[in-house]
Structures are given as structure tokens and as C-alpha cells.
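Structural overview
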Amino acid sequence: MKEQVISFELNREKVEICADPALSLLRLLRSRFNLIGTKEGCGRGDCGVCTVLLDGRAVNSCLIPAGKVEGRKVLTIEGLTREGLKKGAKVHPVQQAFIDKGAIQCGFCTPGMIMSAYALLRDKPFPSPEEVREAISGNLCRCSGYKQIEEAILEAAKAITEQEGKW
Amino acid sequence: MSYSVTSSLARALNVLSESMGQGRVVAGATDLFLKSLSPELVDVSSVPELLGINRDHGSLSIGAGVTHAEAAASPLIRLEAMALAEACRQVGSPQIRNIGTIGGNVVNAAPAADAAVALVALGARAVLIDLGKRQHHAAVEELYADYNLSTVDSSSEILLRFLLDLPARDEGSAFLRFAPRQALSLPLVNAAARVRLKGDAIESVRAVIAPVNPAPTRLYETEKMLLGSWPEDDTWRKVEYTAASEVEVRGSLLRCSAGYRQHLVGVLARRVLKKAVERAVKSRMGGDGS
Ligand SMILES: Cc1cc2nc3c(=O)[nH]c(=O)nc-3n(C[C@H](O)[C@H](O)[C@H](O)COP(=O)(O)OP(=O)(O)OC[C@H]3O[C@@H](n4cnc5c(N)ncnc54)[C@H](O)[C@@H]3O)c2cc1C
Ligand code: FES
Ligand code: FES
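Fair warning: this is a prediction, and the values are worked out from it, not measured in the lab. (Residues numbered from 1 in each chain as written. Chains lettered and ligands numbered in written order. Predicted model: local features only at pLDDT ≥ 70, side-chain atom pairs only at ≥ 80, totals over all residues. Heavy atoms only, no water.)

Description of the overall build of chain B
- The secondary structure content of chain B amounts to 10 helices and 14 strands.
- Taking 2.2 N^0.38 as the reference for a compact globule, 290 residues should give roughly 19 Å; the C-alpha atoms of chain B span a radius of gyration of 19 Å, in line with that estimate.
- Summarising its shape, the C-alpha atoms of chain B cover approximately 60 × 45 × 30 Å along the three principal directions.
- Buried residues in chain B amount to 57% of all 290 residues.
- The long-range fraction of contacts in chain B, counting pairs at least 24 apart against all pairs at least 6 apart in sequence, stands at 63%.
- Carbon and sulfur atoms make up 51% of the accessible area of chain B, which amounts to about 12,000 Å² in all. (Helix = DSSP H or I, 4+ residues; strand = E, 2+ residues; numbered from the N terminus. Rg over C-alpha atoms; globule rule 2.2 N^0.38 Å. Buried < 20%, exposed > 50% of the residue type's maximum accessible area, 1.4 Å probe, protein only. Contact = heavy atoms within 4.5 Å. Areas by Shrake-Rupley, 256 points an atom, 1.4 Å probe, with all protein chains shown as cover.)

Here it is in C-alpha cells:
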């Protein structure tokens, strides 16, 4: 396949890479940028473990042709962690809430869940439980039963608004 | 393969011209990426002519590049074309709705595509542009060549927008689907309706059901039965029966038996028509119809 130069913003840094535009964004992130926090499950939009933010919105990176991110902003779970570090915490408050609430079991769904949760909280800082459930309706978890995940996201919302200004 | 992202309609048409039939329009890519990709893709998801939702000379104009999430949240669509907002709200998952477009939903031509079913019930017309920059209009239900095959040739045509008549004060629309789960689940049956009242009678009605044929299918017999009168309890029972009998459905090993689907057709047709009538009544009384 013919490669082409793709320039975009990845985790708030400008990047440029020569790659096959038909590669999925998921493959691009994992194999070319070594960002392996984003997971591959079904590879067809059904499980959400590959969720990243594209221009601030949750998308399935397995369904995005790499060529599509030209000129756009991509945020992955690594970028979120980095935001936490920058503010002097170990991780981002959404990640911390998942840890505190026991919302992680095998952890495979976790990066995608957290990205969906983060996208929700950017739009709606005070979500209802119903809105939380809807925001993660495209993310499957085979371990937890979702209850702890829902609680973690509501907890994260509280933590973020309590520390307002900081995040 | 080459992939070009452009925000210029002229440039998108040029790329298609120069690719001599090897090019293809792509929007959200949620359907196309899982199929085989053409050698030259032109991403039109940020072309301004395909974006925006606005009133335009008595019509509601909705860009083909509007995503399901945008359509579901749009106050204008919720006010003037509730069936479309309800359909888009139920597509796939938040991730799919954030990037999948209503234009892609129609051109992909899946028989039970949610937005397409709502658009047909609403009487939407598609505005297309060809490589010579000539525009033409076609009713959405005319864009189906076969199962999963559109008449739109995405190597030489771009679907720009959908136009639908703004509803009068006495109108209402609705969409319903029945699926095994609320997210990430294709519908066993979906249904949409648009109804206009005049005095104590239904003056016009479009009822649509899918998947029955390649295109979303009008329930003409059911519509005829409802026209010119006010539906009572007994009418609704007849609606259910008529709708289920006027179409021939197929069963599928993956989804459900033909008998079950037939039953669902009747139930959904009744519910969706009833809801559209209720909204028309509410809108006449000055509510927002929702
Ligand atoms: C996990 C998953 C779940 C889904 N669930 C649903 C569901 O519940 N309901 C449903 O209806 N659909 C569903 N879909 C299907 C799909 O997401 C929708 O049909 C979506 O609207 C397609 O839009 P798109 O912009 O992604 O299209 P694309 O994939 O970009 O394009 C689809 C086709 O249309 C052509 N095309 C696109 N835009 C134009 C244009 N402007 N002019 C000319 N040709 C064009 C392309 O060439 C291609 O052939 C699902 C898909 C996935 C992967
Ligand atoms: S890997 Fe992308 S949705 Fe499953
Ligand atoms: S924690 Fe194992 S899949 Fe969710």
C-alpha cells in the first residue's frame, strides 16, 4: 500500500508520520506510536475497547482510517494520564476514581471505558446515572457488571468539580 | 491507496474526476472501512456544503455529512422532524453516532438503516451533485437499487443534503425500533410515520417499515385505512392487522423468524402511527410535539 504523510495532533503534540492511510487509527497508535494503552478487541465497532477522542468526541479507533485524522486532534489514555501527571497527581481523576471504586477487574475494557467517561464529563460535568450508562453503552465489560464503573464515573464527576480550576 | 481530506466541494469533485472511476466518497467510514476500500478515497466529512441544519424556503435542510449525534441533539430537527432525531438517537453506540453520518446511512443502503427509514417517512428528498456540478433531486426511497446497493454512484456523485417540507401546525412524526439490546444492536424491525391532521380527521399520512424490501417500505393499505377519519380503538386494532398483512417479511437465522417479524411489523406500525397522531394533536395545541 502506498504511504502518505499524515499530520495531526496526538495527545496535545503535533506529530507527522508517513503511513498507509488505510491502516486503522488503532493500528497506527499501537504499532507506529507504541501507544498500547488503547486495546484491540473486536476490530469492528462492537466492543469499544479501542475508544479514543477525535476532536473531543469518543470514537472507535478501529474504524477510523489513519488518513482521516489529518489535521485533527487525537487523545488517547496515555494523553489523559499525562494530564494527571502534569497537575501533580499520579493519574487523571477519572482513572483515580476507577481505581478507588474497584471498577477495574481484568482491565481490558478500562482504557476505552475511561475515554468514554472522560468525553462525557467534558460535555456534562454533572451527569445523571442514566447519562453515564448511555455514555458507556458502546463499551463492553465482561467482568465487572458495570455497577462499579457507573459509580466510578459519578465519583470522578464529583472529584473534578470539587477540584475545579485544577482540571 | 490515497486518502484526501478536503473542505472544498470543488476539490472533492476534482479528485473524483481525476481518479477515473477509482475514487470514492467517504464520510464517517463506519460502514465503508469494514468493506473493501477504493484506491482513492475523498473524505467529505468537513465539506461545508454537506454540513448544517437549517430552514430554507419552507424546507428543513439537513446536510448529508451531519452525524447521528448532531441530528439527535439538534433542537431544529427535534422540533420539525422528531422521527429523524429519534432514529439517529438509536443508531449503534455513542462512538458510532459521533462519526457516522445520515448521508452514509442512506447511501450504504442497508434495508433497516434507521435514519433512512425516518427520512422516507418524513418524505425527504436527496440533493445530489455530479462531476459536471449539476445538481438533481430524488426521493430517498428512490435511491435503492437492491439490497445494500444504492443508486448513488459514490465514485461520481456526492449526496449533499436532504430537504423535507417543514411540518404544518397539525403535524407529528415518530420513529420506533425493536432490537434485542438498546445499544449496538441492529433492529429486527423499525418503523416511522408522519401524520397531518385536519379538523377531526387524518389528512395525510406516511407510514414506513423495514426491513421488508431493499428500501424502507410504505404501508399504503394501512395509510389508506387511516385517511379521512379519526382513529378509535378499533381502528388501531385494524392498523396492526393491516400493516402485518400487507407486507411479506423474511426470517433470518441471525435475527428472528418470519412469523415473529410479521407480528412486530403490526405492533410497531400501530405504536408509531399512534405516537405520530398524539404528537400532531399536541403540536396543534401549541406544544412542541415531543
Ligand atoms: C458497530 C456498528 C453499529 C452500527 N449500528 C447501526 C444501527 O444501529 N443503525 C444503523 O442504521 N446503522 C448502523 N451502523 C451502520 C453505520 O454506522 C451507519 O450506516 C452510518 O450512518 C454510515 O455513515 P458513515 O458516514 O460512516 O458512512 P461511510 O462508511 O463513510 O459511507 C457509507 C457508504 O456511503 C457512501 N457515502 C457516504 N457519504 C456519501 C455522500 N455524501 N455522497 C455519496 N456517497 C456517500 C460511501 O462511499 C459508502 O459507500 C452501524 C455500524 C457499526 C460499525
Ligand atoms: S476493537 Fe474497536 S470497537 Fe472493538
Ligand atoms: S474489567 Fe475485564 S472487561 Fe471490563
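This is not the end of the story, as more comes after the structure.
Focus on the domain arrangement of chain B
Residue and element names in this part refer to chain B.
- Taken as a whole, chain B is organised into domain 1 (48-165) and domain 2 (171-284).
- Its C-alpha centre places domain 1 at a distance of 21 Å from the equivalent point of domain 2.
- Taken together, the contact pairs 26 residues of domain 1 with 23 residues of domain 2.
- When domain 1 packs against domain 2, close to 2,100 Å² is buried across both sides, 57% of that on carbon and sulfur atoms. (Domains from an automatic or database assignment. Buried area = accessible area lost by both parts, 1.4 Å probe.)

With respect to the site of ligand 1
- In the vicinity of ligand 1, 33 residues are found, and the nearest of them are Val25, Thr30, Asp31, His68 and Thr101 of chain B.
- Lying at an intersection of chains, ligand 1 is approached by residues of chains A and B.
- Separating a nitrogen atom of ligand 1 from a side-chain N or O atom of Asp114 of chain B is a distance of 2.7 Å.
- Within the side chain of Ser154 of chain B, one N or O atom sits 2.9 Å away from a nitrogen atom of ligand 1.
- Look at ligand 1: alone it shows 980 Å² of surface, and the protein chains cover 94% of it.
- Looking at the shell around ligand 1, the elements that each hand over two or more residues are strand S2 (23-26), helix H6 (102-108) and strand S10 (157-165) of chain B.
- Broken down by element, the shell around ligand 1 gets its largest block of residues, 4 residues, from H6 of chain B.
- The residue inventory of the shell around ligand 1, partitioned by class, reads 15 nonpolar, 11 polar and 7 charged. (Near = heavy atom within 4 Å. Polar contact = N/O pair within 3.5 Å; in protein donor to acceptor, adjacent residues only side chain to side chain. Nonpolar A, V, L, I, M, F, W, Y, C, P; charged D, E, K, R; others polar.)

Observations regarding helix H6 (residues 147-162) of chain A
Residues and elements named next belong to chain A.
- In a regular helix each residue adds 1.5 Å, so 16 residues correspond to 22 Å; H6 covers 23 Å between its end C-alpha atoms and thus fits that length.
- Along H6, the positions that sit buried rather than exposed are Ile149, Glu150, Ala152, Ile153, Ala156, Ala157, Ala159 and Ile160.
- For H6, the elements touching its buried residues are helix H3 (93-100), helix H4 (110-123) and helix H5 (129-135). (Expected span 1.5 Å × (residues − 1).)

Some thoughts on the domain arrangement of chain A
Residue and element names in this part refer to chain A.
- Each assigned domain of chain A is listed with its residue range as follows: domain 1 (4-75) and domain 2 (78-164).
- Computed over C-alpha atoms only, the centres of domain 1 and domain 2 are separated by 20 Å.
- Taken together, the contacts link 20 residues of domain 1 with 17 residues of domain 2.
- Viewed at the interface, domain 2 and domain 1 are joined by 2 salt bridges. (Salt bridge = Lys/Arg side-chain N within 4 Å of Asp/Glu carboxyl O.)

Re the pattern of salt bridges
- A complete count under the given rule lists 28 salt bridges over all chains for this structure.
- With a closest N to O distance of 3.0 Å, Arg133 of chain A and Glu150 of chain A form a salt bridge. Taken as a pair, Arg133 of chain A in helix H5 and Glu150 of chain A in helix H6 lie far apart in primary sequence, 17 residues in all.
- The partly exposed category is assigned to Arg133 of chain A, whose relative accessible area is 40%.
- Under the relative-accessibility criterion, Glu150 of chain A is labelled buried at 8%.
- One salt bridge in this structure joins Glu240 of chain B and Arg270 of chain B, with 2.5 Å as the shortest N-O distance. One end of the pair, Glu240 of chain B, is in helix H9 (residues 233-246); the other, Arg270 of chain B, is in helix H10 (residues 258-284), and 30 residues separate them in sequence.
- When its relative accessible area of 23% is taken as the criterion, Arg270 of chain B is described as partly exposed.
- Sharing partners across several salt bridges, the network here consists of Glu171, Arg194, Arg196, Lys198 and Glu203 of chain B.

Quick notes on the nonpolar core
- Among the nonpolar cores identified, the biggest contains 59 residues, and Ile62, Leu84, Leu119, Ile158, Phe162 and Leu164 of chain B are the most heavily contacted of them.
- By residue number, the principal contributor to this core is helix H7 (residues 114-122) of chain B, which donates 8 residues.
- When residues of this core are assigned to domains, at least three fall in each of domain 1 (48-165) and domain 2 (171-284) of chain B.
- Leaving out residues up to four positions away in the same chain, Phe162 of chain B has contacts with Leu60, Ser61, Ile62, Ala64, Ile102, Gly103, Val106, Leu119, Arg125, Ala126 and Val140 of chain B.
- Grouped together as the second largest cluster of nonpolar side chains are 30 residues, Val49, Ile77, Cys109 and Met115 of chain A included. (Core = buried A, V, L, I, M, F, W, Y, C linked by side-chain atoms within 4.5 Å.)

Some thoughts on the sheet that holds strand S14 (residues 217-218) of chain B
Residues and elements named next belong to chain B.
- Pairing is antiparallel in the open sheet, where 4 strands are placed in the order S11-S12-S13-S14. Each having just a single partner strand, strand S11 (171-178) and S14 make up the two edges of the open sheet.
- Of the strand pairs in this sheet, strand S13 (residues 201-210) and S14 are connected by 2 bridges, and their pairing is antiparallel. The residue of S14 that forms the bridge with Val208 is Arg218. (Pairing = 2+ DSSP bridges.)

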